[in-house]
Amino acid sequence: ALFQAGLAAVDAGEALRRHVHFEGGVLRAGGNAYSLGGGSTFVVGGGKAAAPMAAALEGLLGDRVSRGLVVVKDRHTVPTRKIEVREAGHPVPDARGEAAAREVLAIAQSAGSDDLLIVLLSGGASALLALPAGGVTLEEKRAVTNHLLRAGAPIQDLNSVRKHLSAIKGGRLAQAAAPARVLALILSDVVGDPLDVIASGPTAADPSTYDEALSLLSRYDPEGRLPRGPRAYLEAGAAGRHPETPKPGDRDLDGVQNFIVGSNRDALEAVEAAARVRGYEAWIRNGALEGEARDTAAVLAREVRDVSQGRPSGAEPLGFILGGETTVTVRGNGRGGRNTEFALAFALGIEGLPGAVGLFAGTDGTDGATDAAGAIVTGETAARARRLGVDPRAFLDENDSYSFFERAGGLLVTGPTMTNVMDLAIILLG
């Protein structure tokens, strides 16, 4: 119930409707006003929540939308009338995403000085709007993306590289639309809501450089096992043979407004309020959860154990609420994602602790390349698994957390939630 309360607070369509209004031919968002009486209004975008955002925008603007195209993950579509919704591969990009991203860029390039380009962005757009820079193939970019994901690269590092291998990220989409007005409506899936990192910042100035992207690629691929093309492209960019992404102060971005309509914090506050209504002494323990999933889970489990042991009998039940996005460095050959790995490590850390339960799940309804959002564990999870002949430590060592919960019980399967604001961790004591 608490998890669902968090999801309801970040419903993508409702988030857009809360912050964007249209009346008398004027669109208002984030304190800015856009008269739609003159030129055309184009809508483009991508992400796991882009379809409900598009439907909500259509409900506001109706026939004022001249043309639109958004790209979503498979099974993340909703009905729309004027804005076309296409499916593509995620988290590893595919040819469908490349073709759609090419059309998105063409729409942006077609916008004139009297036109408005509305860009709908949410988590997942980095992979869904995959348009490699000239000289880099989609297969090469797929290899880089997959390698960095398996290496546990945080989203900031991953996107610094992807921006410099892209014809559309790192502010290039907004640059292509200049001198048109650009309004980007963003559902954030990154800790701290940095505009240049969310969806790889297609409408935001990019402070990172080719040199930094090249350094990151070398750090995560020290033996040079990845295809040569991306590294050669970054080397050429660092040498000044490719134009840099637009930086802060670039005049091409003067007509751009980036506005965040929803974030993980909204979900955390809703969970906190719902827990208090149910009688829990609840608080947001951490809204910037990061780091290696199993290590962060172990630290959190020790804290929960300490708090539990210090509570007097008959004390009010407690609720710890956390949000963010951890990473997993894949060393084994199992199936799983950051939330099920976090849950498994946490289950080991609270083993034998009475009255403790934890839910760890992605707000988008997916955890890695699995059909689960995450998992629910208690102090009995590890012992129960052993009675079933399932060794939790062995499964954790093999990065096989999904298979563990599949056999031992505890998988949380929601299906696509049509939103995406990172992950939620909800821990209840007593």
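Every value quoted in this text rests on a predicted model; they were computed, and no experiment measured them.

A. Representation of the overall build of the chain. Regarding its fold elements, the chain presents 16 helices and 15 strands. Relative to the 2.2 N^0.38 estimate, which gives 22 Å for 430 residues, the radius of gyration of the chain is 22 Å and therefore close to what a compact globule would have. Along the first, second and third principal axes, the C-alpha set of the chain runs to 70 × 55 × 35 Å. Expressed as a percentage of the 430 residues in the chain, the buried residues total 56%. In the chain, once contacts between residues fewer than 6 apart in sequence are set aside, the share between residues at least 24 apart is 79%. With the model as given, the accessible surface of the chain reaches about 16,200 Å², and the carbon-plus-sulfur share is 48%. The distance from the centre of the 44 positive side-chain charges to the centre of the 52 negative ones in the chain is 2 Å.

B. Helix α11 (residues 264-277), seen in detail. Across its 14 residues, α11 extends 20 Å between first and last C-alpha, which sits within 8% of the 20 Å expected from 1.5 Å per residue. Three or more residues of α11 are buried, namely Asn264, Ala267, Leu268, Ala270, Val271, Glu272, Ala274 and Ala275. Where α11 is buried, its residues contact α1 (2-9), β10 (281-289), β11 (318-324) and β15 (423-429). Trailing α11 by a residue or two, Gly279 shows a phi angle of about 95°, which is positive.

C. Region of the structure containing the packing of helix α13 (residues 338-349) against helix α16 (residues 401-408). One way to put it is that α13 packs onto α16 with a least axis distance of 8 Å and a crossing angle of 65°. As α13 runs across α16, the sense of the crossing is left-handed. Along its contact with α13, which presents Thr340, Glu341, Ala343 and Leu344, the element α16 presents Ser401, Tyr402, Phe404 and Phe405. The residue makeup of the contact of α13 with α16, split by class, is five nonpolar, two polar and one charged.

D. The environment of Pro179, seen in detail. Within the secondary structure, Pro179 is located in the loop between α8 (172-177) and β8 (181-187). Assessed through its relative accessible area of 61%, Pro179 is described here as exposed. As a C-alpha pair, Pro179 and Pro392 span 213 residues in sequence and 57 Å in three-dimensional space.

E. Region of interest: the sheet that holds strand β6 (residues 83-88). The strand order across the open sheet built from six strands is β6-β5-β4-β7-β8-β9, with neighbouring strands paired in parallel fashion. Lying at the two open borders of the sheet, with one neighbouring strand each, are β6 and β9 (256-262). Geometrically, the sheet is characterised by an average inter-axis angle of 15° between neighbouring strands, direction not taken into account. The pairing of β8 with β9 spans six bridges and is classified as parallel. Bridged to Ile186 within β9 is Ile260.

F. Structural context of helix α9 (residues 210-220). Within α9, the full set of buried residues consists of Tyr210, Ala213, Leu214, Leu216, Leu217 and Tyr220. Looking straight down α9, one finds its buried side chains confined to an arc of 160°; they lie on one side. The inward-facing, buried residues of α9 abut α6 (138-150), α7 (155-163), α8 and α10 (228-238).

G. Here's a closer look at the packing of aromatic side chains. The final tally for this structure, using the stated rule, is six aromatic pairs. Plain terms: the ring middles of Phe395 and Phe404 are 6.0 Å apart, the flat faces sit at 65° to each other, and that makes the pair edge-to-face. For the pair Phe395 and Phe404, one class covers both residues: buried.

H. Representation of the nonpolar core. Residues Leu27, Met53, Ile118, Leu120 and Leu185 are the most contacted members of the largest nonpolar core, which totals 50 residues. A per-element tally of this core places helix α3 (residues 50-61) first, with seven residues. Residue contacts for Leu27: discarding those within four places in its chain leaves Val20, His21, Phe22, Asn32, Ala33, Tyr34, Leu36, Leu61, Leu116, Ile118 and Leu183. By size, the runner-up hydrophobic cluster in this structure holds 34 residues, among which are Leu300, Ala301, Phe342 and Ala347.

I. Up close: the pattern of salt bridges. Scanning the model with the defined rule gives 25 salt bridges in all. Asp74 serves as the salt-bridge partner of Arg96, at 2.9 Å between the closest nitrogen and oxygen. In this pair, Arg96 sits in helix α4 (residues 95-110) while Asp74 sits in the loop between β5 (65-73) and β6, placing the two residues 22 residues apart along the sequence. Judged by its relative accessible area of 38%, Arg96 is partly exposed.

J. Representation of empty space enclosed by the protein in the model. Summed over the entire model, instances satisfying the criterion amount to one cavity of 30 Å³ or more. Taken as a whole, the largest cavity holds about 70 Å³ of empty space. Every residue along the wall of the largest cavity is listed here: Leu289, Leu322, Gly323, Gly324, Glu325, Thr326, Asn339, Phe342, Phe360, Asp423, Leu424 and Ala425.

K. Layout of the side chain of Glu272. Within the fold, Glu272 resides in helix α11. Glu272 sits in the buried class, given a relative accessible area of 16%. Those residues in contact with Glu272, other than ones at most four positions away along the chain, are Ala282, Trp283, Ile284 and Ile321.

Analysis parameters
Position numbers for residues start from 1 in each chain and track the written sequence from start to end. For a predicted model such as this one, the threshold for reporting local features is a pLDDT of at least 70, and the threshold for listing and counting side-chain atom pairs is 80 or more; totals across whole chains, interfaces and linings nevertheless cover every residue. Excluding hydrogens and water, the side-chain values take into account all heavy atoms of the structure. In DSSP terms, a helix is any run of H or I states spanning at least four residues, a strand is any run of E spanning at least two, and both are numbered starting from the N terminus. Two things to know: the radius of gyration comes from C-alpha atoms, and the globule rule equals 2.2 Å times the number of residues to the power 0.38. Partly exposed describes any residue whose relative accessible area lies between the buried limit of under 20% and the exposed limit of over 50%, with all areas from a 1.4 Å probe on protein chains only and scaled to the type maximum. It only takes one pair of heavy atoms within 4.5 Å for two residues to be counted as in contact. Computed with the Shrake-Rupley method and a 1.4 Å probe, the accessible areas treat only the protein chains shown as cover for residues. We score Asp and Glu as negative and Lys and Arg as positive, and we do not count His or the chain ends. One atom stands in for each charge, and that atom is NZ of Lys, CZ of Arg, CG of Asp or CD of Glu. Expected helix span is taken as 1.5 Å per residue step, with the number of steps being one fewer than the number of residues. Simply put, an axis is a line fit to the C-alpha atoms, just over the touching stretch for a helix, and the angle between two N-to-C directions goes from 0 to 180 degrees. Handedness of each helix crossing follows the sense of rotation of the near helix against the far helix: counterclockwise by less than a right angle gives left-handed, clockwise gives right-handed. Residues are grouped as follows: Ala, Val, Leu, Ile, Met, Phe, Trp, Tyr, Cys and Pro are nonpolar; Asp, Glu, Lys and Arg are charged; every other residue, Gly included, is polar. Strands are treated as partners if at least two bridges between them are detected by DSSP. As used here, the arc belongs to the directions running from the helix axis to the C-beta atoms. Two aromatic rings, drawn from Phe, Tyr or Trp (for Trp, its six-membered ring), form a pair once their centres lie within 6.5 Å of each other, and the interplanar angle then sorts them: stacked below 30 degrees, edge-to-face above 60, tilted otherwise. Definition used in this section: a nonpolar core is a set of buried Ala, Val, Leu, Ile, Met, Phe, Trp, Tyr and Cys residues joined via side-chain atoms within 4.5 Å. Should a side-chain nitrogen of Lys or Arg be within 4 Å of a carboxyl oxygen of Asp or Glu, the pair is scored as a salt bridge. In this analysis, the protein atoms alone were mapped onto a 1 Å grid. Cavities are point sets where a 1.4 Å probe fits without being able to get out; pockets are open sets with protein on both sides within 12 Å along at least five of seven lines; lining residues have an atom within 4 Å of a point. Grid points are joined across faces, edges and corners, and a volume is the space filled by probe spheres set on the points.

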